[in-house]
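# Tertiary structure, described
Spelled out from the first residue to the last, the chains are:
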Amino acid sequence: MNLFNVYPLFNIHPVKAKGSFLWDEKGEKYLDFYGGHAVISIGHNHPYYKGKLKDQLEKISFYSNSVQNELQTELADKLGKLSGYENYNLFLCNSGAEANENALKLASFHNGKSKVLYFSGSFHGRTSAAVSVTDNPKIVAPVNYSERFIRSDWNDIEQLEEIFKTQGNDISSVIIEGIQGVGGIMIPTQEFLSKIKALCDEYNAVLIMDEVQSGYGRSGYFFAHQEFEIQPDIITTAKGMGNGFPIGGVLIHPKFEASNGLLGTTFGGNHLACAAAIAVLDVMTEEKLMENAQHMGDYIEQKIKDFPHIKSIRRKGLMIGIELDRDCSEVRKELLYDHHIFTGNSNDKSVLRILPALNIGTQETDLFIDALQTVLNAI
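The paragraphs below set out a description of the structure included in this document. (Residues numbered from 1 in each chain as written. Predicted model: local features only at pLDDT ≥ 70, side-chain atom pairs only at ≥ 80, totals over all residues. Heavy atoms only, no water.)

### Points about the overall build of the protein
Filter applied, for reference: A run of DSSP states H or I qualifies as a helix once it reaches four residues; a run of E qualifies as a strand once it reaches two. Both are numbered from the N-terminal end. Radius of gyration means the value over C-alpha atoms here, while the globule rule gives 2.2 Å times the residue count to the 0.38 power. Here a residue-residue contact requires only that any non-hydrogen atoms of the pair lie within 4.5 Å. Residue burial considers only the protein chains on display, and all accessible areas are found by Shrake-Rupley using a 1.4 Å probe.
A tally of regular secondary structure across the protein gives eleven helices and 14 strands. Compactness check: the protein gives a C-alpha radius of gyration of 21 Å against a globular reference of 21 Å for 379 residues, within 12% of the reference. For the protein, long-range pairs separated by at least 24 residues make up 74% of all intrachain contacts whose partners lie at least 6 apart in sequence. Accessible surface for the protein amounts to roughly 17600 Å². Of this, 49% is attributable to carbon and sulfur atoms.

Structural data, given as structure tokens:
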């Protein structure tokens, strides 16, 4: 049997990782400034994280959600306190797409409506409803298309108001990323988010904030939307939540009523996943990683802002989009193959996406800065 060939692969085979570095089978060392799509939040193989997982493996790694699991309670308590959403409830699942699927379904259960409003440039996942609110026709299969999903332009208040004026009574929910990642590090305005919230309240629609990539301290706030003092009805999270162990979550306002069987998952919230997620929150708290994300993001921007061929820098904390005056693919390849540094791209071909671990330091960061300067100067 062969693997189903859906991933364009770099000819690199990592076999070991520690902190912000990877090593391949030949012993070559690479700086990870992308974290596998913002998944590595506290660095590879953090000693506290490894210890938590090893300890849990010695006890129990999995049982279904038909039994008590005190690790879920501990995770919910710590997540509530660090995020500032202590009065919300938590549903645990396995991924960001699954979190968004459950959020969309919960909203529809709540108000009995079926239409969903999403935005240009969005990426919410590849499963059924999540991909239907993702703005990429290449990955939306015919079975996923439906008139129930309404697209509106990013940061366009006038169009938003017109859609609600004509279809607001049928809109179950609005789903929006705290910061668009795949879309090219696109940041919503205060006015745009405030208008979405006001219209949702007026028309009894549910505001779903997708913080799968922009959450967990990456923006310098626990969730990116908290900078604007917007309170969503539902928040989804994943990626950095488990530092590489698959886990996702849905934070749910107390106005939503739970009932047996309303939502469900086989693997979500299992013992190992919870141990990983608890370790991430403990490290974030102990090492003050949200503050570090702010500090190191500022540091990077100040160092690179005058480099040639950079048109703009879109950034909150360590969620950074470097817009070049050209397609970034060759720059990305040179950083990887000539300087051994992993970076990312986006649907905007000119944007180099930077998502390092939240505990990155100046020593590792200077390696990236020097390499980027060398590559851009040579163009």
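### Description of unusual backbone geometry
Cut-off, in case you're wondering: Here's how the labels work: a residue is buried when its accessible area is under 20% of the maximum for its type, exposed when over 50%, partly exposed in between, all with a 1.4 Å probe on protein chains only.
A positive phi angle, near 75°, is found at Ala38, a position not held by glycine. Checked against the element boundaries, Ala38 lands in helix H1 (residues 35-38). Take Ala38: its relative accessible area is 3%, and that puts it in the buried class. Even without being glycine, His340 reaches a positive phi, approximately 55°. On the secondary structure map, His340 appears in the loop between helix H10 (329-337) and strand S13 (341-342).

### Structural notes on the packing of aromatic side chains
As a reminder of what qualifies: Here a Phe, Tyr or Trp ring, Trp counted by its six-membered ring, pairs with any other such ring whose centre lies within 6.5 Å, and the pair is stacked when the planes are under 30 degrees apart, edge-to-face when over 60, and tilted otherwise.
A complete count under the given rule lists 13 aromatic pairs for this structure. Here Phe21 and Trp23 contribute two aromatic rings whose centre-to-centre distance is 6.5 Å and whose plane-to-plane angle is 45°, an arrangement assigned as tilted. We classify Phe21 as buried; its relative accessible area is 15%. Trp23 gets classed as buried once you look at its relative accessible area, which sits at 19%. On the basis of an interplanar angle of 70° and a centroid distance of 4.7 Å, the ring pair of Tyr85 and Tyr88 is categorised as edge-to-face. You can call Tyr85 buried: its relative accessible area is 6%. Residue Tyr88 is classed as buried on the basis of its relative accessible area, which comes to 8%. These aromatic residues form a ring-pair network of at least three members: Tyr85, Tyr88, Tyr216, Phe222 and Phe223.

### Some words on the packing of helix H6 (residues 157-167) against helix H7 (residues 190-203)
The condition that has to hold: A fitted line through C-alpha atoms serves as each axis, taken over the contacting stretch for helices, and the angle formed by two N-to-C directions is quoted from 0 to 180°. The cut-offs work like this: below 35 degrees is roughly parallel, past 145 is roughly antiparallel, 65 to 115 is roughly perpendicular, and the gaps in between are oblique.
Relative to each other, H6 and H7 sit at 10°, their axes nearing to 10 Å. The orientation of H6 with respect to H7, classified from their angle, is roughly parallel. Together, Ile157, Leu160, Glu161, Phe164 and Lys165 of H6 and Glu191, Phe192, Lys195, Ile196, Leu199 and Tyr203 of H7 make up the contact between the two elements.

### What about the environment of Leu318?
With respect to the helices, strands and loops of the structure, Leu318 is situated in the loop between strand S11 (310-316) and strand S12 (319-324). Sequence-wise, Leu318 and Ala357 are 39 residues apart; in three dimensions their C-alpha atoms are separated by 8.2 Å. Residues contacting Leu318, with those up to four places away along its chain left out, are Arg218, Ala293, Met296, Gly297, Ile300, Ile354, Leu355, Pro356, Ala357, Leu358 and Ile360.

### Details of the environment of Gly121
Within the fold, Gly121 resides in the loop between strand S5 (115-119) and helix H5 (128-132). Exposure remark for Gly121: the relative accessible area of 22% places this residue in the partly exposed category. A C-alpha to C-alpha distance of 7.3 Å links Gly121 and Gln180, two positions 59 residues apart in sequence. In contact with Gly121, not counting residues within four places along its chain, are Asp135, Glu177, Gln180 and Gly183.

### Re the pattern of salt bridges
To keep it simple, the criterion reads: A pairing counts as a salt bridge when a side-chain nitrogen of Lys or Arg comes within 4 Å of a carboxyl oxygen of Asp or Glu.
Here the structure, examined in full by the defined rule, presents 18 salt bridges. Notably, a salt bridge pairs Glu323 with Arg314, separated by 3.5 Å at the nearest N-O pair. In this structure Glu323 comes out as buried when scored by relative accessible area, which is 15%. The residue Asp325 makes a salt bridge to Arg326 at a minimum N-O spacing of 2.8 Å. Here Asp325 falls in the partly exposed class, since its relative accessible area comes to 39%. Arg326 gets classed as partly exposed once you look at its relative accessible area, which sits at 36%. Through salt bridges with shared partners, a single ionic network connects Lys197, Asp201, Asp233 and Lys255.

### Concerning the sheet that holds strand S2 (residues 21-24)
Heads up, the rule is: Two strands pair under a simple rule: DSSP has to find at least two bridges between them.
With respect to topology, four strands assemble into an open sheet ordered S1-S2-S3-S13, the strand pairing being mixed. The two strands at the open ends of the sheet, each matched to only one other strand, are strand S1 (14-18) and S13. Pairing of S2 with strand S3 (residues 29-32), which is carried by three bridges, proceeds in the antiparallel orientation. Its bridge partner lying in S3, Trp23 is registered against Lys29.

### Considerations on the sheet that holds S12
One open sheet holds the three strands; their spatial order is S11-S12-S14, and the pairing between them is antiparallel. The outermost strands of the open sheet, each flanked by one partner alone, are S11 and strand S14 (351-354). Across this sheet, the average inter-strand angle for adjacent strands is 15°, counted without regard to direction. Bridge analysis of S11 against S12 gives six bridges, and the strand direction is antiparallel. Note that in S12 the partner of Arg314 across the bridge is Gly321. Helix H11 (residues 362-377) rests against S11, S12 and S14 of the sheet, and its axis sits at about 10° to S12.

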